[in-house]
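If you want the building blocks of each chain, they are given just below.
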Amino acid sequence: MSDVLISGEQAAPRRFRATFVLALGTFAVGTDAYVVAGFLPAMASSLHVSEGAAGQSATVFAIAYAVLAPVLATVAARVPRRALLVAALLVLAVANLGSALSPGYAWLMASRVLAAFGAAAFTPNAGAVAASLVAPAQRARALAVVVGGLTAATALGVPLGNLADRLLDWRAALTLVAVLCLVCAAGVYAVMPALPGSPHVPLRDRLAALRRPGVVAVLPLTVLGLAASYGLYAYAVPLLHALGAGGAAEMWMLFLYGVGAVAGNLVAGAAADRRGPIRVLAVGYVVLAVTLALFAWAVEAHWLPLTGPLMVIWGASTWSQTPAQQLRLISAAPQETAVVVGLNASALYLGIALGTALGGLLLPVGVPTALAAAAGLAVLSLVYLALTRRTG
């Protein structure tokens, strides 16, 4: 957002606070998006559907997000940023309460679409504001802080959702997520500066960024990489059950994934600024492919001790991608930061949708088969990166 102008010595503390409060908001969004993974079997049983069908609630959310993000960016362009971000979190609160009260599967799916409205209004704008508040040399790190809210949600939100489900039930867990969204909305309102909206940009002009060779070459890797890395995370609990993990071990394994996600995101953001995004992505895809292949072997061998380290590495390799990909896109279209960050968010959720849909289809065939397919997608991501390494 080129119209966000905060300068001088007094601006530095505001920039710092604003960036971290945006991460608080993305934590709420991430908890909303990922918490279902912590209690998927219980939710499926309560709604009388299969685990694969229950997992498609993540697919519906992701598809709706991918479609709505550029549309909402156009419709809400002139809305002041603070008001837009707070309103988005309020919509998320209502959506989670609706999910908690779902009498059946159809209601749950409708509430997940409503949640996608809130997430699609919040996340791209949070990333664009963060990138505009810092110097160009610090953009990847600022984006990593904001994305860090999402990864922190995997570290804390998902295992806490799993714990809340075991102590109470999955409906109570979603009610707590609704309360979290309300708290984060209050935090954003209290700390964020009253930033103006952006000039209206027609949807056709926003999508015109796709005609840039750099943008159109980089975006498919976001889709492919997230399909490979995140698709099976929605089914993490069934995967852990296949390894023999249960109870407290299950919660701690989810926590370890989140720890890896937070560390991988922050390290990748700093490394992309220093070493360049291509090296970061290449290392990430190699590590991801090896990790998923080892997971498949561990399931076949029922070797639980390997699971903890693999969960950490899986989380790190998954969430190392986003800061590097955003940096490539901003470099490819530096005058269209808000547009390309929004397009990347749509591509990210499209990848999640494809990955969770594929996971839902392959899970009944067998967990090792699903893991092997995901490892294959990671190898394809590495090949695509090699073909487009000079872009962005």
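Calculation criteria
- Residues numbered from 1 in each chain as written.
- Predicted model: local features only at pLDDT ≥ 70, side-chain atom pairs only at ≥ 80, totals over all residues.
- Heavy atoms only, no water.
- Helix = DSSP H or I, 4+ residues; strand = E, 2+ residues; numbered from the N terminus.
- Contact = heavy atoms within 4.5 Å.
- Areas by Shrake-Rupley, 256 points an atom, 1.4 Å probe, with all protein chains shown as cover.
- Buried < 20%, exposed > 50% of the residue type's maximum accessible area, 1.4 Å probe, protein only.
- 1 Å grid on protein atoms, 1.4 Å probe; cavity = no way out; pocket = protein on both sides within 12 Å on 5 of 7 lines; lining within 4 Å.
- Points joined across faces, edges and corners; volume = space filled by probe spheres on them.
- Nonpolar A, V, L, I, M, F, W, Y, C, P; charged D, E, K, R; others polar.
- Axes fitted to C-alpha atoms, helices over the stretch in contact; angles between N-to-C directions.
- Left-handed = near helix turned anticlockwise from the far one by under 90°.
- Polar contact = N/O pair within 3.5 Å; in protein donor to acceptor, adjacent residues only side chain to side chain.
- Phe/Tyr/Trp six-rings, centres within 6.5 Å; stacked < 30°, edge-to-face > 60°.

In the nomenclature of an unreviewed UniProt entry, the protein chain is known as MFS transporter of Nonomuraea helvata.

Chemist: Outline the overall build of the protein chain, listing residues and values.
Modeler: Scanning the protein chain for helices and strands turns up 16 helices and 0 strands. Within the protein chain, contacts between residues at least 6 apart in sequence are counted, and of these 86% link residues at least 24 apart. By element, 71% of the accessible surface of the protein chain is carried by carbon and sulfur atoms, the whole surface being about 14,800 Å².

Chemist: Can you lay out unusual backbone geometry for me, pointing to particular residues and giving the numbers?
Modeler: If you check the backbone angles, His 48 has positive phi at about 60° while not being a glycine. Of note, His 48 is situated in the loop between helix H2 (40-47) and helix H3 (51-75). Take His 48: its relative accessible area is 74%, and that puts it in the exposed class.

Chemist: Let's hear about empty space enclosed by the protein: which residues, and what values?
Modeler: One simple way to see leftover space: roll a probe sized like a water molecule over the atoms. Summed over all chains, the structure comprises 4 cavities of 30 Å³ or more. Roughly 150 Å³ of internal volume is contained in the largest cavity. Taken together, 16 residues line the largest cavity, and the ones lying closest to its centre are Thr 123, Val 147, Leu 150, Thr 322 and Gln 326. Counting only elements with at least two residues in the lining of the largest cavity, the list comes to helix H5 (105-132), helix H6 (139-167), helix H14 (321-332) and helix H15 (337-362). At 5 residues, the largest contribution of residues to the lining of the largest cavity is made by H15. Broken down by class, the residue content of the lining of the largest cavity amounts to 10 nonpolar, 6 polar and no charged.

Chemist: Hey, could you go over the side chain of Ser 320 for me, with residue numbers and the actual values?
Modeler: Counting through the fold element by element, Ser 320 comes out in the loop between helix H13 (307-319) and H14. Apart from the residues lying within four places of it in its own chain, the contact partners of Ser 320 are Gly 264, Ala 268, Val 280 and Gly 284.

Chemist: A description of the packing of helix H12 (residues 277-301) against H13 should follow, citing residues and the corresponding values.
Modeler: It is the contact of H12 with H13, at a shortest axis distance of 9 Å, that shows an interaxial angle of 150°. Classified by chirality, the crossing of H13 by H12 is left-handed. Contacts from Gly 284, Val 287, Leu 288, Thr 291, Leu 292, Leu 294 and Phe 295 of H12 reach H13 at Thr 307, Leu 310, Met 311, Ile 313, Trp 314, Ser 317 and Thr 318. Class assignment for the residues of the contact of H12 with H13 results in 9 nonpolar, 5 polar and no charged.

Chemist: Would you mind going over the side chain of Thr 318 in detail, with residue names and values included?
Modeler: Position of Thr 318 among the secondary structure elements: in helix H13. Relative accessible area serves as the criterion here: at 1%, Thr 318 is assigned to the buried category. A polar contact of 3.5 Å, which involves the side chain of Thr 318, links it to the backbone oxygen of Ser 229. Dropping the residues within four chain positions of it, Thr 318 is found in contact with Ser 229, Tyr 257 and Leu 288.

Chemist: Any chance you could break down the packing of aromatic side chains for me, citing the residues and the numbers?
Modeler: Counted by the stated rule, this structure contains 11 aromatic pairs. On the basis of an interplanar angle of 15° and a centroid distance of 4.0 Å, the ring pair of Tyr 233 and Tyr 257 is categorised as stacked. Within this pair, whereas Tyr 233 is found in the loop between helix H9 (213-230) and helix H10 (236-243), its partner Tyr 257 is found in helix H11 (residues 248-275), the two being separated by 24 residues in sequence. Here Tyr 233 matches Tyr 257 in class, with each residue buried. These aromatic residues form a ring-pair network of at least three members: Tyr 230, Tyr 233, Tyr 257, Phe 295, Trp 314 and Trp 319.

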